[in-house]
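Here is how the chains run, residue by residue.
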Amino acid sequence: MGAELESRLAGVREGIAGAASAAGRSADELTLIVVTKFHPASLVRELHGLGVTDVGENRHPEARDKVEATADLGLTWHFIGQLQTNKAKQVARYADAVHSIDRPELVSALSSETRTIDGFVQINLTADAGRGGTSDADLEAIVERVLDAPGIVLRGVMAVAPLDADPRAAFATVRRASERVQKLAPNAQALSMGMSHDYREAILEGATHLRIGTAITGNRPV
Ligand SMILES: *Cc1c(COP(=O)(O)O)cnc(C)c1O
């Protein structure tokens, strides 16, 4: 694994730097979140050895187990997957950021008087409500809920580009939604968007947090 992982990571870092420079942006303003779902904690440890600081997971309890197994590394953990309300309290105990906030019940469940997490409101760019994310019409309402919730600092918005659409256009839609959010929350400027196949387009549209899995880790084990 070692040398291949290192060269894939280097390739993605170069791709990020190239897209940032094409966009007239500094790569320093971008947070690379390496998505390690389905991979063992040993891979997270290797990534840390290669300078990775931010890791993403999409399922509880897989995420919890990896956080525990690598607690000595001081990593920043991003929960990026659809989250059931009954698991949210547990996730809020170990995640540093939750990117998939999309409904009022989830805000209440993540909210805490004793621990603070970063929050991103997920926007659904498809017509399929089952894909997670808030509808366009509900965006302001959910943002206001997060702003009122103790223990969640609203950082911005998150989205997954639909497979069948032009990613650049999809990310432009997210950027416009972010402008609406910033009217209510001027500091919530982060844009969590861009995956292995579309992170360049995301950077061109202003992404600040890239969630990249397979381009770095290789294919996920089944
Ligand atoms: C798995 C996943 C990613 C990473 O996907 P890759 O195509 O492997 O880069 C990013 N965001 C979310 C929400 C995911 O579930």
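Residues numbered from 1 in each chain as written. Predicted model: local features only at pLDDT ≥ 70, side-chain atom pairs only at ≥ 80, totals over all residues. Heavy atoms only, no water.

Mapped onto the secondary structure, Glu68 falls in helix 3 (residues 62–69). What makes Glu68 exposed here is its relative accessible area of 58%. Distance from Glu68 to Tyr94, taken between C-alpha atoms, is 8.7 Å for residues 26 residues apart in sequence. (Helix = DSSP H or I, 4+ residues; strand = E, 2+ residues; numbered from the N terminus. Buried < 20%, exposed > 50% of the residue type's maximum accessible area, 1.4 Å probe, protein only.)

Of note, Glu205 is situated in the loop between helix 8 (199–204) and strand 8 (209–212). Judged by relative accessible area, Glu205 falls into the buried class, the value being 9%. Apart from the residues within four sequence positions on either side, Glu205 is in contact with Arg168, Phe171, Ala172, Arg175, Leu191 and Met193. (Contact = heavy atoms within 4.5 Å.)

Within this structure, the stated rule accounts for 1 cavity of 30 Å³ or more. In this structure, the largest cavity spans a volume of roughly 30 Å³. Lining the largest cavity we find Glu57, Ala63, Trp77, His78, Phe79, Tyr94 and Ala95. Take the lining of the largest cavity: its biggest share by element is 3 residues, from strand 3 (residues 76–79). Considering only residue class, the lining of the largest cavity consists of 5 nonpolar, 1 polar and 1 charged. (1 Å grid on protein atoms, 1.4 Å probe; cavity = no way out; pocket = protein on both sides within 12 Å on 5 of 7 lines; lining within 4 Å. Points joined across faces, edges and corners; volume = space filled by probe spheres on them. Nonpolar A, V, L, I, M, F, W, Y, C, P; charged D, E, K, R; others polar.)

Another aspect to go through is the nonpolar core. Counting residues in hydrophobic clusters, the biggest one holds 61 residues, and the most contacted among them are Ile16, Val98, Leu110 and Ile216. When residues in this core are grouped by element, the largest group, 6 residues, is from helix 1 (residues 2–22). Ignoring any residue separated from it by four or fewer positions in sequence, one finds Val98 in contact with Phe79, Leu83, Val91, Leu110, Ile117, Asp118, Gly119 and Phe120. (Core = buried A, V, L, I, M, F, W, Y, C linked by side-chain atoms within 4.5 Å.)

Along any regular strand the residues' side chains alternate between the sheet's two faces. The buried count for strand 6 (residues 152–158) comes to 5 of 7 residues, which makes it a mostly enclosed element. Inspection of the sheet shows strand 5 (residues 117–122) paired to strand 6 by 6 bridges, in the parallel sense. Bridge assignment links Gly119 to a residue of strand 6, and that residue is Leu154. With respect to chirality, the unit in which strand 5 leads through helix 6 (residues 139–148) into the neighbouring parallel strand 6 is right-handed. The pairing of strand 6 with strand 7 (residues 190–192) spans 3 bridges and is parallel. Residue pairing in the sheet places Met158 in a bridge with Ser192 of strand 7. The parallel pair strand 6 and strand 7 is bridged by helix 7 (residues 167–184), and the resulting crossover is right-handed. (Pairing = 2+ DSSP bridges. Right-handed = clockwise from strand over helix to strand, strands pointing away.)

All residues adjacent to the ligand are Val35, Lys37, Ile80, Met158, Met195, Ser196, Arg211, Ile212, Gly213, Thr214 and Arg220. Separating a nitrogen atom of the ligand from a side-chain N or O atom of Arg211 is a distance of 3.0 Å. A distance of 2.8 Å separates an oxygen atom of the ligand from a polar backbone atom of Gly213. Against a free-state accessible area of 390 Å², the protein chains account for coverage of 89% of the ligand. According to the grid-proximity analysis, the pocket containing the ligand is the largest pocket. (Near = heavy atom within 4 Å. Polar contact = N/O pair within 3.5 Å; in protein donor to acceptor, adjacent residues only side chain to side chain. Areas by Shrake-Rupley, 256 points an atom, 1.4 Å probe, with all protein chains shown as cover. Sits in = over half its atoms within 2 Å of the grid points.)

Once that is clear, we can look at the pattern of salt bridges. Evaluated as defined, the whole model comprises 16 salt bridges. When the shortest N-O distance is used, the salt bridge between Lys66 and Glu57 registers 2.8 Å. For Arg59, the salt bridge identified is with Glu62, shortest N-O distance 2.8 Å. Residue classification places Arg59 among the partly exposed positions, given a relative accessible area of 40%. It is possible to trace a salt-bridge network through shared partners that takes in Glu57, Arg59, Glu62 and Lys66. (Salt bridge = Lys/Arg side-chain N within 4 Å of Asp/Glu carboxyl O.)

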